[in-house]
Amino acid sequence: MNKTSIEHSRAFLLFVVTALLFLWPLSLHIFTFKNDALTYYYPVRTLISDALNHGELPLWTPYINMGYPLHADFQSGAWNPFVWLFSYATGYPLVAMHYECILYFCLAGMGMYLLAREYGAEIRIALLAGLAYQFSGFMLDSIQFFTCISSACWIPYIFLYFRKTLNENYLKNPALLSLFLALLLLCGYPAFLIITFYLLLFYLIIFIWYNRKQNTGWGIKVSQLGLSLFLFLLLTAPAILSYYYHLPFINRGSSQSLEVVQQNSMNPATVISLLFPFSSLAPNSFLDSELLMRTIYIGILPLCLLFSIWRQPKCEGRKKGLFYLSLAVLMLFFAFGKYFFLRKLAFEILPGMDMFRHPGLFRLFFIFFCLVAITRAFPHVATGISDIKKQGLAFFVIATLLWSFGLFLRISGKAAYIPFDTSFFNAAGFWQRIFFEALFVAGFSLLLVFIPKQSVSKYVIALVIMDLFISTQIHQVVTGVGAKPYQQIVASLNRNKILFPLPDQSSVAENSKGSTDSLFEAGSRMPFRKLVGRNDYFITPGNLLMQDSFYQSVLRDSLFKRPLISLFNNHSQVKITYMGANKIEGSFFSSNTDSLLLLQNNYPGWKAYIDGKETRISTSAICFMAVPVNTGNHTFQFIYSPSYLRWAIWLPLAGLLLIIIFWKLSRVQSEKLQMEI
């Protein structure tokens, strides 16, 4: 291994160790997730795992809302390669989700580190940027939003290889760019791909402008970007086709109203989280916004550098730092959503900006560009030491004043006293939190002021780790980790160990009894019981419109008295001999001409066979499947197999093969250049 590889290996080890240490409730599986992580992301991952370990593709599941196409759900993870790896390796117990989460944290830190090194930052500045990104407020807010964490971890790699594609002529760069763009789509939240596309387009325009008078081989660059787009389409073809054909069947498949798009805007008052992240999570009216869309913390020491960019000497580094800082501020204004005009403007003029909610998501790019600005303005730690100490003194004064005011409120009785125990983290109001958190901010800032200059430079990573560790501990309790022990949650889930148990003649109503209660953290027991049923809990945010119509109809109660599959007009028993994710088969006897009714949503891609002959499926009772049958003994098969996936499923393999070939060719090209030198 060369020196660079050794440095990168050590850096990744640091990101792994800090992730395991900082997220100790998850790494030691003492506690576990809460809210969306348990009610949506984990149940669908178990269903994906069951299908894969049953020898099937995770296309359909019979256990969500009377049948649901997992492969067409943007956020299910059905095309996420990491979910597949964890599923095959472990069967995806709850602890596997812990380590998937930790892996995304590690990859996020490493990506930011590599990007900083590409920009010319020395190793300590690069590590500082990686750690600040890895444990930023966005990452800690999003622990329960898996698609947000997995999106954030790929953003630095995309910008890294987009830059390399524009500046180098190695085929591996557009190949890796396509790979990380594909991972952003397959693992992440679709909004981030849309935002990233516009940012890359802006990056390209700026690059062309600055190099307009140079002979930079535009033909090669255009062909490389075209190659990257082609490989991206190969890698994502099954997912893109699945999403495209699914859009007409869900209410989120069309343009959303401005009111919907601006839901979960970041309140400008929560900018206080730059210095006081825990306090910004208080349930106060002036901080009113979605709890998980508030924090933009990057650490006190990086914040010192950020506020010092304008004080740098007028040089190239300062100009670049100010440019990226201005981009960061622009992203912050987008995050403000309904509190500022930019999100509305983008909604009205930019294609795709009317397709997603949560303006607070833009704050990830605020954090990202802030850290890029630091690496551009301060390529070496030594260049920012004096400013670190000056800003540290300013933060000490601010924290001390706020702490004093909080103390005054407590002494005067205007702020209630809350004992410091586990209830404190959720019960404390803004000034109680300021009273607690300002002590740490003041102490850490004072440390920056009085520690010798050479020591700040020497121990900069240790200082960043100390700061981020403390902020992570007080933050994740509120936003990501639940209070009940891991083992207690696992016991309450009571996941059926049989991958696909054969259904009996129990009715949907019987299967659904006791599937929800207020004390059950995972929302619905249906995916874990593996009984076909339905309750009032909507597991997926993209429920089928046809199922919504049925569930609100007068037919619901009468249909739910039936088992999964039955004859429509008589009560002869239907025997199910095989049950899988995408297939159900069995036999029955019909005393009359009748219809065989399957209580699964009649979604495009299903085929039915009676006695081995394909039979046309008709829609019955608003959304379910029915096929005509004659008198006598018969066998049946219902198979879910969308025709477009039969060929599209092979395209990602072709894309991966091409990426490997381009990687090999680039290595040969690099070796030849080194020999010539």
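Heads up: the structure comes first, above all this text.
Residues numbered from 1 in each chain as written. Predicted model: local features only at pLDDT ≥ 70, side-chain atom pairs only at ≥ 80, totals over all residues. Heavy atoms only, no water.

### Remarks on the sheet that holds strand β10 (residues 624-629)
Link 1 in the chain: The antiparallel open sheet is built from four strands, whose spatial order is β3-β6-β10-β9. Pairing within the sheet leaves two strands with one partner each, and these edge strands are β3 (565-567) and β9 (618-620). The mean inter-strand angle of the sheet, taken between neighbouring strand axes irrespective of direction, is 35°.
Link 2 in the chain: Taken together, the six bridges between strand β6 (residues 594-601) and β10 define a ladder with antiparallel strand orientation. Within the sheet, the bridge partner assigned to Leu-598 lies in β10 and is Met-625. (Pairing = 2+ DSSP bridges. Helix = DSSP H or I, 4+ residues; strand = E, 2+ residues; numbered from the N terminus. Axes fitted to C-alpha atoms, helices over the stretch in contact; angles between N-to-C directions.)

### Quick word on the nonpolar core
Link 1 in the chain: In this structure, Phe-105, Tyr-133, Trp-154, Phe-369, Leu-596 and Phe-638 are the most contacted members of the largest nonpolar core, which totals 222 residues.
Link 2 in the chain: Top element by residues in this core is helix α5 (residues 94-118). It accounts for 17 residues.
Link 3 in the chain: What Trp-154 contacts, discounting residues up to four positions off in sequence, is Phe-82, Leu-107, Phe-180, Leu-183, Leu-184 and Cys-187. (Core = buried A, V, L, I, M, F, W, Y, C linked by side-chain atoms within 4.5 Å. Buried < 20%, exposed > 50% of the residue type's maximum accessible area, 1.4 Å probe, protein only. Contact = heavy atoms within 4.5 Å.)

### Let's talk about the side chain of Asn-511
Link 1 in the chain: Tracing the backbone through its elements, the reader meets Asn-511 in helix α23 (residues 508-512).
Link 2 in the chain: Only 2.9 Å separates the side chain of Asn-511 from the backbone oxygen of Val-532, close enough to count as a polar contact.
Link 3 in the chain: Not counting chain neighbours up to four residues away, the residues in contact with Asn-511 comprise Ser-506, Met-526, Arg-529, Leu-531, Val-532 and Gly-533. (Polar contact = N/O pair within 3.5 Å; in protein donor to acceptor, adjacent residues only side chain to side chain.)

### Some words on the sheet that holds strand β5 (residues 583-590)
Link 1 in the chain: An order of β4-β5-β11-β7-β8 is seen for the five strands of this open sheet, with the pairing classed as antiparallel. With one partner strand each, in any of the chains shown, β4 (574-579) and β8 (613-615) form the two edges of the open sheet. Across the sheet, the axes of successive neighbouring strands diverge by a mean angle of 25°, strand direction being ignored.
Link 2 in the chain: Taken together, the five bridges between β4 and β5 define a ladder with antiparallel strand orientation. Across the sheet, Met-579 pairs through a bridge with Ile-584, a residue of β5.

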